[in-house]
Amino acid sequence: VQLQASGGGLVQAGGSLRLSCAASGRTASTYVMGWFRQAPGKEREFVAARPWSEGNPYYADSVKGRFTISGDNAKNTAYLQMNSLKPEDTAVYSCAARRAQCSNYGCSVGNYDYWGQGTLVTVSS
């Protein structure tokens with residue numbers, strides 16, 4: 001499975017961006033899509049995840065109510081709509097996929113099997 005993230009850029013605080021993650025290859029083997037981010041000098045952190053089919057999305061507390069993860073199964077593409085962006089959202093955002101099922105908190109700490117390259121999001125104050 002190959003993942004290609006795109007959509008990053010420079011935006012002012014309060015603005016919006018939508019990230020995309022296009023999946024190719026044996027995507028049927030994956031169950032959950034996730035987004036992670038890593039700010040300069042910090043550890044990578046979980047942002048959001050959702051099953052490709054049934055199940056509810058799960059968000060980190062820091063983005064809940066501002067970010068929305070969605071997916072288009074026909075296009076094998078996952079999205080991360082980011083609204084009300086803050087300078088502290090500045091990071092390299094990566095998408096990931098996992099074969100194993102998970103739900104809620106388990107999706108934030110479990111292992112992901114496939115990773116895409118990151119896309120940089122910079123939020124200016």
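Residues numbered from 1 in each chain as written. Predicted model: local features only at pLDDT ≥ 70, side-chain atom pairs only at ≥ 80, totals over all residues. Heavy atoms only, no water.

1. As for the state of the cysteines
Then, number 1: By the definition in use, this model includes two disulfides.
Then, number 2: There is a disulfide in this structure between C21 and C95, and the S-S distance comes to 2.1 Å. Disulfide C21-C95: the torsion about the S-S bond is 70°, which places it as right-handed. On the criterion of sequence distance, the pair formed by C21 in strand β3 (residues 17-24) and C95 in strand β9 (residues 91-98) is long-range, its members being 74 residues apart.
Then, number 3: Each sulfur of the disulfide joining C102 and C107 lies 2.1 Å from the other. Between C102 and C107, the S-S dihedral sits near 105°, and the bridge is therefore right-handed. You'll find C102 and C107 in the same group, each marked buried.
Then, number 4: When the cysteines of the protein that form disulfides are numbered from the N-terminus onward, they connect as 1-2, 3-4. (Disulfide = S-S within 2.5 Å. Helix = DSSP H or I, 4+ residues; strand = E, 2+ residues; numbered from the N terminus. Buried < 20%, exposed > 50% of the residue type's maximum accessible area, 1.4 Å probe, protein only.)

2. Re the sheet that holds strand β8 (residues 77-82)
Then, number 1: Spatially, four strands are ordered β1-β3-β8-β7 in an open sheet, and the strand pairing comes out antiparallel. The sheet is open, and its two edges are formed by β1 (2-6) and β7 (67-72), each paired on a single side. With strand direction ignored, the average angle separating the axes of adjacent strands in the sheet is 15°.
Then, number 2: Relative to β8, β7 is paired through six bridges, and the arrangement is antiparallel. Counted as the bridge partner of D72 is T77 from β8. (Pairing = 2+ DSSP bridges. Axes fitted to C-alpha atoms, helices over the stretch in contact; angles between N-to-C directions.)

This is a description of form; function is not addressed.
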